Amino acid sequence: AVNLYLQCGIQGRAHGTKVVLSILSNEDNDDALAYEASLAAARLQDPEVPNISLILGEIGSYSRILNPRFTPVTHECLPSVAAPGQLTAAEIMAGELLMKELA
């Protein structure tokens with residue numbers, strides 16, 4: 001996924017990149033590699049091009065918490081989420097606080 005972001009950046013000419021992966025489980029080797037690559041891309045401290053790195057579904061909720069910028073969110077008052085695994089802003093903030101406490 002990190003190499004995919006670099007390709008999507010069009011050598012610095014793009015204003016942003018977004019890669020959304022869909023995996024079946026974290027157990028399959030290929031899916032586990034995709035999951036780790038997506039998390040690594042989300043953790044880039046100073047990317048050449050701002051990026052969004054997401055994994056769809058419940059399995060991807062953690063990737064939404066780790067993504068430090070431009071994370072699509074929903075609101076608890078809306079009747080449904082716009083994408084599988086989408087979290088509310090409050091859920092993402094609570095997840096970030098919990099991660100800081102566990103670290």
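Anything mentioned here points back to the structure above.
Keep in mind the model is a prediction, meaning the values are calculated, not measured.

(A) Focus on the overall build of the chain. Counting its secondary structure elements, the chain contains four helices and two strands. Seen in sequence order, the chain has helices and strands lined up from the N terminus as α-β-α-β-α-α. In the chain, buried positions account for 36% of the 103 residues. A fraction of 46% describes how many contacts in the chain between residues 6 or more apart in sequence connect residues 24 or more apart. In the structure as shown, the chain presents an accessible area of about 6,600 Å², 58% of it carried by carbon and sulfur atoms.

(B) Region of interest: the pairing of strand S2 (residues 51–55). By the criterion of burial, S2 is predominantly enclosed, with five of the five residues buried. Covered by surrounding structure in S2 are Asn51, Ser53 and Ile55 together with Ile52 and Leu54, the residues of both alternating faces. Sheet topology places strand S1 (residues 17–21) next to S2; five bridges connect them, and they run parallel. Following the sheet pairing, Val19 is matched in S2 by Ser53.

(C) Examining the side chain of Ser61 more closely. Along the chain, Ser61 falls in helix H3 (residues 61–66). Exposure remark for Ser61: the relative accessible area of 13% places this residue in the buried category. The residues touching Ser61, leaving out its near neighbours within four places in the chain, are Gly85 and Leu87.

Conventions and cut-offs
- Residues numbered from 1 in each chain as written.
- Predicted model: local features only at pLDDT ≥ 70, side-chain atom pairs only at ≥ 80, totals over all residues.
- Heavy atoms only, no water.
- Helix = DSSP H or I, 4+ residues; strand = E, 2+ residues; numbered from the N terminus.
- Buried < 20%, exposed > 50% of the residue type's maximum accessible area, 1.4 Å probe, protein only.
- Contact = heavy atoms within 4.5 Å.
- Areas by Shrake-Rupley, 256 points an atom, 1.4 Å probe, with all protein chains shown as cover.
- Pairing = 2+ DSSP bridges.

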